[in-house]
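As a plain string of letters, each chain reads:
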Amino acid sequence: GLQTPRARSVNLKVDFPVLTPTSLRRTKSPLDFLHDYLSASSSNDDHPAAPVERVLSMFDQEVSYFGNRLNHEGIRNDIESYNKTYDQRSYQIAGTPRVTAQGVLTVLEYDLKFTVGFFERTTINIPGIGPTETNTRAFRDGKLSMRMVLQRAEREWRIQRIETR
């Protein structure tokens, strides 16, 4: 049978792994899920980007993604394209998110402050050489009002819809 944490001393003596029954695992709150999602989506010099698969695992198989109905492959393509354009990304919740339960769904409405970093092609005038094209690091800040709809599948949240509002 399965070994449980209550039998830990026996498990250690006979070298059985300690398994935590699914019923004992705690489901994260929707706000904890949102923080995990924003952290996985962020990237900078001190915080490398999470693998795209980790971000994709937070989505249901097919979702409403910024006005388009996409599966994981469509979301992957969008994320990879966005990450190529904006190699540095920082996302923070501004204010207090509003959490509303609607049957089996939970709706999160929140303001998102962001900073994205990218390289832009610029021309500089170098004395004695003249105009020279170069890549310059640039940043753009902004704020969006967001809406995320989550559904709990067993003990995990999955994004059903994400959009600006």
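Each remark here, short or long, concerns the structure printed above.
What you see is a predicted model, and the numbers here were worked out from it, not measured in a lab.

1. Describing the side chain of threonine 106
Tracing the backbone shows threonine 106 in strand β4 (residues 105-126). Those residues in contact with threonine 106 that sit more than four places away from it in its chain are Pro30, Val99, Thr100, Ala101, Met148, Val149, Leu150 and Trp157.

2. A short note on the nonpolar core
Core analysis: the largest hydrophobic core is formed by 30 residues, its most contacted members being Tyr37, Phe59, Tyr110, Met148, Ile159 and Ile162. For this core, the secondary-structure elements that each account for two or more residues are α2 (30-41), α3 (52-56), β1 (59-65), α4 (72-85), β4, β5 (130-153) and β6 (156-164). Of the residues forming this core, the biggest block, six residues, is contributed by β4. In contact with tyrosine 37, not counting residues within four places along its chain, are Val55, Met58, Phe59, Met148, Ile159 and Ile162.

3. Points about the pattern of salt bridges
Counted under the stated rule, the structure contains 11 salt bridges. The structure contains a network of salt bridges with shared partners spanning Arg98, Glu109, Arg147, Arg161 and Glu163.

4. Some details on the sheet that holds β4
The strand order β2-β1-β6-β5-β4-β3 describes an open sheet built from six strands, whose pairing is mixed. Because the sheet does not close on itself, it has two edges, and the strands there are β2 (68-71) and β3 (88-102). Here the strands of the sheet are splayed against their neighbours by 25 degrees on average, with no regard to which way each runs. Pairing between β4 and β5: 22 bridges, direction antiparallel. Each bridged residue has a counterpart across the sheet, and for leucine 108 the counterpart in β5 is methionine 148.

5. Looking at α4
In an α-helix, one turn spans 3.6 residues; hence positions three or four apart end up facing the same way. Taking 1.5 Å per residue as the helical rise, α4 with its 14 residues ought to reach 20 Å, and the 20 Å between its terminal C-alpha atoms agrees with that figure. If you check which residues of α4 are buried, you get His72, Gly74, Ile75 and Ile79. Considered in projection along α4, the buried side chains sweep an arc of 160 degrees and stay on one side of the axis. Capping the start of α4 is the job of one residue whose side-chain oxygen sits 3.1 Å from the backbone nitrogen of glutamate 73: asparagine 71.

6. Some remarks on the pairing of β1
A regular strand places its side chains so that they alternate between the two faces of the sheet. Pairing of β1 with β6 involves three bridges; the strand directions are parallel. Across the sheet, the residue bridging to serine 64 is arginine 161, located in β6. As paired strands, β1 and β2 are joined by four bridges and run antiparallel to one another. Looking at the pairing, tyrosine 65 lines up with asparagine 68 of β2. Linking two consecutive strands that pair antiparallel, namely β1 and β2, is a turn of two residues; a positive phi of about 50 degrees is found at phenylalanine 66 within it.

7. Some thoughts on the packing of aromatic side chains
For any pair of aromatic rings, the description rests on two quantities: the centre-to-centre distance and the angle between the ring planes. Considering all chains together, one arrives at five aromatic pairs under this definition. A centroid spacing of 5.9 Å and a plane angle of 75 degrees characterise the contact between tyrosine 37 and phenylalanine 59, whose relative ring orientation is edge-to-face. Of this pair, tyrosine 37 sits in helix α2 while phenylalanine 59 sits in strand β1; the two residues are 22 residues apart in sequence, bridging distant segments of the chain. With centroids separated by 5.9 Å and ring planes inclined at 65 degrees, the aromatic side chains of phenylalanine 59 and tyrosine 65 adopt a geometry described as edge-to-face. Clustering of aromatic rings is evident, with ring pairs tying together Tyr37, Phe59, Tyr65 and Phe66.

Analysis parameters
- Residues numbered from 1 in each chain as written.
- Predicted model: local features only at pLDDT ≥ 70, side-chain atom pairs only at ≥ 80, totals over all residues.
- Heavy atoms only, no water.
- Helix = DSSP H or I, 4+ residues; strand = E, 2+ residues; numbered from the N terminus.
- Contact = heavy atoms within 4.5 Å.
- Core = buried A, V, L, I, M, F, W, Y, C linked by side-chain atoms within 4.5 Å.
- Buried < 20%, exposed > 50% of the residue type's maximum accessible area, 1.4 Å probe, protein only.
- Salt bridge = Lys/Arg side-chain N within 4 Å of Asp/Glu carboxyl O.
- Pairing = 2+ DSSP bridges.
- Axes fitted to C-alpha atoms, helices over the stretch in contact; angles between N-to-C directions.
- Expected span 1.5 Å × (residues − 1).
- Arc of directions from axis to C-beta.
- Polar contact = N/O pair within 3.5 Å; in protein donor to acceptor, adjacent residues only side chain to side chain.
- Phe/Tyr/Trp six-rings, centres within 6.5 Å; stacked < 30°, edge-to-face > 60°.

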